[in-house]
Amino acid sequence: MRIPDQKIETYPDGVAHIYKAPRRGYSSLLGIVHFETLSVGVNRYYTAAIDDSKVDRLIKTPAVRFIEADNIALIDGKQYWIKRVQLKPERNVFEVELQGIQTPLKEVTDES
């Protein structure tokens, strides 16, 4: 049942594959999630710069358990570190800050 003032969230911009990130690479697909791209605001950009980090991309996703900081997100073949996950409880969504990975990590297996 839909609540009258409830906003329906949409995630039209694609899918992100979320991986666990051990030290040498990435492994263990945790899940696949749809997302919407948001603009990185001036405050967020400069706050990250003060912390010696960088926000290359900001996405909105449904609030799911497997999205955590320091994991890897693969979007359109590009790898990103998940730097911060912020819950927006009024809409039950995450805002996820992503930082591009300069040297792509390789997928590692349990045997490695």
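Just above, that's the structure.
Since the structure is predicted, the reported quantities are computational estimates derived from the model, not experimental observations.

Q: For this particular structure, what's the right way to read the side chain of Lys60?
A: Following the sequence through the fold, Lys60 ends up in strand 3 (residues 57-62). Assessed through its relative accessible area of 5%, Lys60 is described here as buried. When neighbours within four sequence positions are excluded, Lys60 is seen to be in contact with Glu9, Thr10, Tyr11, His34, Phe35, Glu36, Leu38, Arg91, Val93 and Phe94.

Q: Is there a simple way to think about the environment of Phe94 in this case?
A: Along the chain, the position of Phe94 falls in strand 6 (residues 93-100). Owing to a relative accessible area of 12%, Phe94 belongs among the buried residues under this scheme. In sequence terms Phe94 and Thr37 are 57 residues apart; their C-alpha atoms lie 12 Å from each other. Those residues within four positions of Phe94 in sequence are excluded, and the remaining contacts are Ile59, Lys60, Thr61, Pro62, Ala63, Val64, Ile67, Val85, Gln86 and Leu87.

Q: I keep staring at the nonpolar core and nothing clicks. Help me out?
A: Soluble globular proteins: nonpolar side chains tend toward being buried together. With 13 residues, the main nonpolar core has Ile18, Ile67, Ile75, Ile82, Val96 and Leu98 as its most contacted residues. Going through the elements one at a time, strand 1 (14-20), strand 2 (25-38), strand 4 (72-75), strand 5 (78-88) and strand 6 are the ones with two or more residues in this core. Each residue touching Ile18, except ones within four places of it in the same chain, is listed here: Ser28, Leu29, Leu30, Gly31, Val33, Phe66, Ile67, Asn71, Ile72, Ala73 and Ile82. Counting 6 residues, the second-largest nonpolar core is a separate cluster that includes Tyr19, Tyr26, Leu74 and Leu105.

How each quantity is defined
- Residues numbered from 1 in each chain as written.
- Predicted model: local features only at pLDDT ≥ 70, side-chain atom pairs only at ≥ 80, totals over all residues.
- Heavy atoms only, no water.
- Helix = DSSP H or I, 4+ residues; strand = E, 2+ residues; numbered from the N terminus.
- Buried < 20%, exposed > 50% of the residue type's maximum accessible area, 1.4 Å probe, protein only.
- Contact = heavy atoms within 4.5 Å.
- Core = buried A, V, L, I, M, F, W, Y, C linked by side-chain atoms within 4.5 Å.

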